[in-house]
Amino acid sequence: MKSELIFHLVTADKWKERLQNSWYTIGENDLPADESENIKIPCCKPDQVEKVANRKFLENESVLLLVIDPNRLEKPVRYQDNADEEFLWIEKGLNSSAILDRIELTLNDEGLYSVEITTRD
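Since the structure is predicted, the reported quantities are computational estimates derived from the model, not experimental observations.

What counts, and at which threshold
Residues numbered from 1 in each chain as written. Predicted model: local features only at pLDDT ≥ 70, side-chain atom pairs only at ≥ 80, totals over all residues. Heavy atoms only, no water. Helix = DSSP H or I, 4+ residues; strand = E, 2+ residues; numbered from the N terminus. Patch = residues over 30% accessible without salt bridge, like charges linked within 9 Å, V, L, I, M, F, W, Y side chains within 5 Å. Areas by Shrake-Rupley, 256 points an atom, 1.4 Å probe, with all protein chains shown as cover. Salt bridge = Lys/Arg side-chain N within 4 Å of Asp/Glu carboxyl O. Buried < 20%, exposed > 50% of the residue type's maximum accessible area, 1.4 Å probe, protein only. Pairing = 2+ DSSP bridges. Axes fitted to C-alpha atoms, helices over the stretch in contact; angles between N-to-C directions. Contact = heavy atoms within 4.5 Å. Phe/Tyr/Trp six-rings, centres within 6.5 Å; stacked < 30°, edge-to-face > 60°. Lys NZ or Arg CZ within 6 Å of the ring centre and 35° of its normal.

Undergrad: Lay out the environment of K56 in plain terms, naming residues and giving numbers.
TA: Structurally, K56 can be placed in helix α2 (residues 49-56). When the C-alpha atoms of K56 and L9 are compared, they prove to be 9.2 Å apart, with 47 residues separating the residues in sequence.

Shown next, in the form of structure tokens:
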């Protein structure tokens, strides 16, 4: 079964804080009280990574791009169409065995993240 890789962006501090016992989760402190039971790890498709990095992480000096193999996930990936984009997330947590790589992103000379992801057939 072949599946496209998915990605999650996180600050280095949050990565260290959230990774416990081979699981990466978003803590209840990161969510409104009424959503603590509905924990979702937001993810991106390859063509969305740069846009999300520049929209949500420009104020952060150390940002990691987690490369995730959906075939290795122990929790389901959910998809939702919203206007012109499809959003995806992993429910309840991310097992670290599904993370193929962690790549530290750096800002370019213009103060933006420049991320190009190419796939091979």
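Undergrad: So what's going on with a nonpolar patch on the surface? Which residues, and what values?
TA: A contiguous nonpolar patch, built from L58, L107 and L112 and spanning about 210 Å² of accessible area, is present on the exposed surface. Secondary-structure assignment places L112 in the segment after β9 (99-105). Among the residues examined, L112 registers a relative accessible area of 35% and is labelled partly exposed.

Undergrad: Let's hear about the pairing of strand β1 (residues 6-11): which residues, and what values?
TA: For β1, the buried fraction is high: six of the six residues fall into the buried class. Neither face of β1 is exposed, since I6, H8 and V10 on one face and F7, L9 and T11 on the opposite face are all buried. Here β1 runs beside strand β5 (residues 63-68); their pairing, made up of six bridges, is antiparallel. Directly across from T11, in β5, lies its bridge partner V63.

Undergrad: How would you summarise the sheet that holds β5 if you had to cite specific residues and measurements?
TA: Strand order in this open sheet of three strands is β1-β5-β9, and the pairing throughout is antiparallel. Either end of the sheet is taken by a strand with one partner, and the two such strands are β1 and β9. On average, each strand axis in the sheet is inclined to that of its neighbour by 25°, with strand direction left out of account. Sheet contacts for α2: β1, β5 and β9; angle to β1, the most-contacted strand, approximately 20°.

Undergrad: Kindly report on the packing of aromatic side chains, identifying the contributing residues and their values.
TA: Counted according to the given criterion, the structure contains one aromatic pair. Its guanidinium or amino end placed over the ring of W89, K40 lies 4.3 Å from that ring's centre, counting from NZ or CZ.

Undergrad: Tell me about unusual backbone geometry, and please be specific about residues and values.
TA: A positive phi angle, close to 50°, is found at N21, a residue other than glycine. You can see N21 is positioned in the loop between β2 (19-20) and β3 (23-24). Judged by relative accessible area, which is 72%, N21 ranks as exposed.

Undergrad: Outline the pattern of salt bridges, listing residues and values.
TA: Pairs may arise between side chains of opposite charge once their charged atoms sit close together. Enumeration over the complete set of coordinates arrives at five salt bridges. Across the pair K51 and E85 runs a salt bridge whose closest N-O atoms are separated by 3.1 Å. Pair noted here: K51 is in helix α2 and E85 is in strand β7 (residues 85-91), with a separation of 34 residues, a long-range link. The exposure class assigned to K51 is partly exposed, which follows from its relative accessible area of 45%. Residues R72 and D69 are paired through a salt bridge, measuring 3.6 Å at the closest nitrogen-oxygen approach. In this structure R72 comes out as partly exposed when scored by relative accessible area, which is 45%.

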